[in-house]
Amino acid sequence: MSLLEIKQAILALDNSELRELNSYVVDRSKQLGREKKFEFTVGQRIRCQGDIFTISKINRTKAKCIKDVTGERYNIPFSLMSIA
């Protein structure tokens, strides 16, 4: 099923079905983020939105990262991170 077909099918759902679908999508997104957490380690360089960071600490849902160019600290969700 293509994304276009899914979007068209969503138009036929009523309000309670949309709430149920939203809950499912949010849960799946969180699950993928938790799985992605195990790809990263402290000291590893990562990319987020085109910038390079170094992981300084790994928390439950996000990693504390230091931007390599400026030294600024950011909390970045695992779902936005990729290995540099």
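Below is a short write-up of the structure. (Residues numbered from 1 in each chain as written. Predicted model: local features only at pLDDT ≥ 70, side-chain atom pairs only at ≥ 80, totals over all residues. Heavy atoms only, no water.)

To continue, consider the nonpolar core. Phe40, Ile46, Cys48, Phe53, Ile55, Ala63, Cys65, Ile76, Phe78 and Met81 together form the largest nonpolar core, which totals 10 residues. Going through the elements one at a time, β1 (45–48), β2 (51–58) and β3 (62–67) are the ones with two or more residues in this core. What isoleucine 46 contacts, discounting residues up to four positions off in sequence, is Phe40, Asp51, Ile52, Phe53, Ile55, Cys65, Ile76, Met81, Ser82 and Ala84. (Core = buried A, V, L, I, M, F, W, Y, C linked by side-chain atoms within 4.5 Å. Buried < 20%, exposed > 50% of the residue type's maximum accessible area, 1.4 Å probe, protein only. Helix = DSSP H or I, 4+ residues; strand = E, 2+ residues; numbered from the N terminus. Contact = heavy atoms within 4.5 Å.)

One pass over the structure, following the stated rule, counts 2 aromatic pairs. Considering the side-chain rings of phenylalanine 53 and tyrosine 74, the 5.6 Å spacing of their centres and the 85 degrees angle between planes classify their relative orientation as edge-to-face. In this pair, phenylalanine 53 is assigned in strand β2 and tyrosine 74 in strand β4 (residues 73–77), connecting sequence segments 21 residues apart. Relative accessible area serves as the criterion here: at 5%, phenylalanine 53 is assigned to the buried category. (Phe/Tyr/Trp six-rings, centres within 6.5 Å; stacked < 30°, edge-to-face > 60°.)

What follows concerns the pattern of salt bridges. Taken as a whole, this structure holds 2 salt bridges when the rule is applied. Among the ionic pairs, arginine 45 bridges to aspartate 68, the shortest N-O distance being 2.9 Å. Taken together, the positions of arginine 45 in strand β1 and aspartate 68 in the loop between β3 and β4 put the pair 23 residues apart, joining distant regions of the chain. Accessibility expressed as a relative area gives 33% for aspartate 68, which makes it partly exposed. Between aspartate 51 and lysine 67 there is a salt bridge, with its nearest N and O atoms 3.5 Å apart. (Salt bridge = Lys/Arg side-chain N within 4 Å of Asp/Glu carboxyl O.)

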